[in-house]
Amino acid sequence: MGTMPVMQSIYMLGAYRTDFARNLRKEGKILRDVLHEAAAGAMTSAGITPKDVGAIVIGNFAAGLYTRQLHLGGLMVEMDPAFSGVPTLHTEAACASGGVALITGFEKILAGTANVVLVVGAEQQKTMSVADGSEVLAGAGDYDRERPTYGAHMFPKLFAEIADNYAAAYGIAPATLSQHLATVAMKNRAAGQMNPASQFRDKGLSRAEADTASEKNPVIAGLLKVSDCSPVSDGAAAVVLSGEAFRAKWGKAKAPRLGGYGQSTDRILLSHKDMPVFSTARRAVERALAMAGIGIGDVSAAEVHDCFGITEVIATELLGLTHGGQGSAWIHAGGTHSPAVAKRLGRAIPASTDKLIAVPINPGGGLMGDGHPVGATGVRQVCEAFAHLTGTAGDRQVEGASKYLTFNMGGTLTTSVCTVWES
């Protein structure tokens, strides 16, 4: 993928995400129900009907394991008779499944095979024990080679290794990094409390709770406590994308435009990646910014993938907000707090310099504060961008937001997807 401008404008006409605090099994519902709910919500938001949709793309990681249901496109066609015959596609790229679904939608429009694409991301994870779910998630890494080394609960251990590597590479004391990671958790949980659809809207996290291992917040691996990890979630998110021709006759005023996008794929084994730099993941960000013709300092806010606190630290550096080794301290200093979160926590946001750029990150809570239904996350990030760019984000609104970046990744930064949206 090059970095030329998008050949025609792509617009996001509508967006919808479900309540991530729900437990679908306890409601007597299944994945089909939230797929349909999110799709219907996005179409209502866009003011379109199923007959307007030319293609459907579904991002999902592991429905075949979590729910025994695959062939998800057929579930979407069941939703409405007008969907009969509409081409569908299911994308899988671990936690970046939703991001890859979005790119697939973009490229259908750019190729001229659809004027309007409905993109839905979904996951139902609360169908089994945490231990069994951890085994499903382990498939996002190299199960044959990493599972024997790391054992059960493989992914927290992999990201604990990234944290250890980061501390060692940049000479940061483990206790200091642990404190910085606690700030990531506290910041994102505070943001989640201002998001009425978040999994943690009623569950704050104090500095003392974030800093201290306890019976309620035990160490799960290395420097990572439970509060440093994203939760198990059920949910879905959807957006309606269109090209220029449909947008011209659509009639509504506000529709965020895609400025740029990028995707990159690294080797699957963590030990084969250049941590903590992750230069392959950085390429996705560089491609998106170059296509949009902007620098990171032009971005109003960003959604980044914080499956663990250390992932947000790495993402802060991949975006170019800081140089290597400065990301955790910059977050801790308040450089990535949104104004609403800073006010809630009684923090001041430091001024940007030529080497440290202040940009609000995850003002809706991110994965750690909002929730992480794996296949939905990349699409949910773009729904958050839609809310801020259309001025509908409520108490968490980043005022005057005009450019919004999302960074979604799968595995140990194996698949990376970045998008830039403009109001």
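A.B. asks: Just to check I follow, could you spell out the pairing of strand 4 (residues 116-124) for this structure?
C.D. replies: Burial analysis of strand 4 places nine of its nine residues in the buried class, which makes it a mostly covered element. A two-sided burial pattern is seen for strand 4, the buried positions comprising Val 116, Leu 118, Val 120, Ala 122 and Gln 124 on one face and Val 117, Val 119, Gly 121 and Glu 123 on the other. By the bridge criterion, five bridges tie strand 2 (residues 55-59) to strand 4 in an arrangement that is parallel. By the bridge assignment for strand 4, Val 57 is matched with Val 119. For strand 4 and strand 7 (residues 234-242), the ladder comprises nine bridges, and the chain directions are antiparallel. Across the sheet, the residue bridging to Val 119 is Val 239, located in strand 7.

A.B. asks: What am I meant to see in unusual backbone geometry here?
C.D. replies: The general pattern is negative phi for most residues beyond glycine and trans for most peptide bonds. At the junction of Met 275 and Pro 276, the peptide bond is cis and its omega measures out at 5 degrees in the coordinates. Tracing the sequence through the fold places Pro 276 in the loop between strand 8 (257-265) and helix 12 (279-292). We note that His 71 has phi near 55 degrees; this positive angle belongs to a residue other than glycine. Along the chain, the position of His 71 falls in the loop between helix 3 (63-66) and helix 4 (72-77). Phi at Asn 362 takes a positive value of approximately 55 degrees, unusual for a residue other than glycine.

A.B. asks: Would you mind showing me how to read the nonpolar core here?
C.D. replies: Note that soluble globular proteins tend to have their nonpolar side chains buried in a common cluster. Membership of the largest hydrophobic core comes to 66 residues, with the highest contact counts inside it found for Phe 159, Phe 278, Ile 310, Leu 319, Leu 405, Phe 407 and Leu 413. Those elements that place two or more of their residues in this core are helix 8 (154-170), helix 9 (174-192), helix 12, strand 9 (301-304), helix 13 (309-318), helix 16 (366-370), strand 10 (403-410) and strand 11 (415-422). Sorting elements by how many residues they give to this core places helix 8 first, with nine residues. Val 119, Ala 237, Met 291 and Val 417 belong to the second-largest nonpolar core, a separate cluster that totals 34 residues.

Here is what the cut-offs are and how they apply
- Residues numbered from 1 in each chain as written.
- Predicted model: local features only at pLDDT ≥ 70, side-chain atom pairs only at ≥ 80, totals over all residues.
- Heavy atoms only, no water.
- Buried < 20%, exposed > 50% of the residue type's maximum accessible area, 1.4 Å probe, protein only.
- Helix = DSSP H or I, 4+ residues; strand = E, 2+ residues; numbered from the N terminus.
- Pairing = 2+ DSSP bridges.
- Core = buried A, V, L, I, M, F, W, Y, C linked by side-chain atoms within 4.5 Å.

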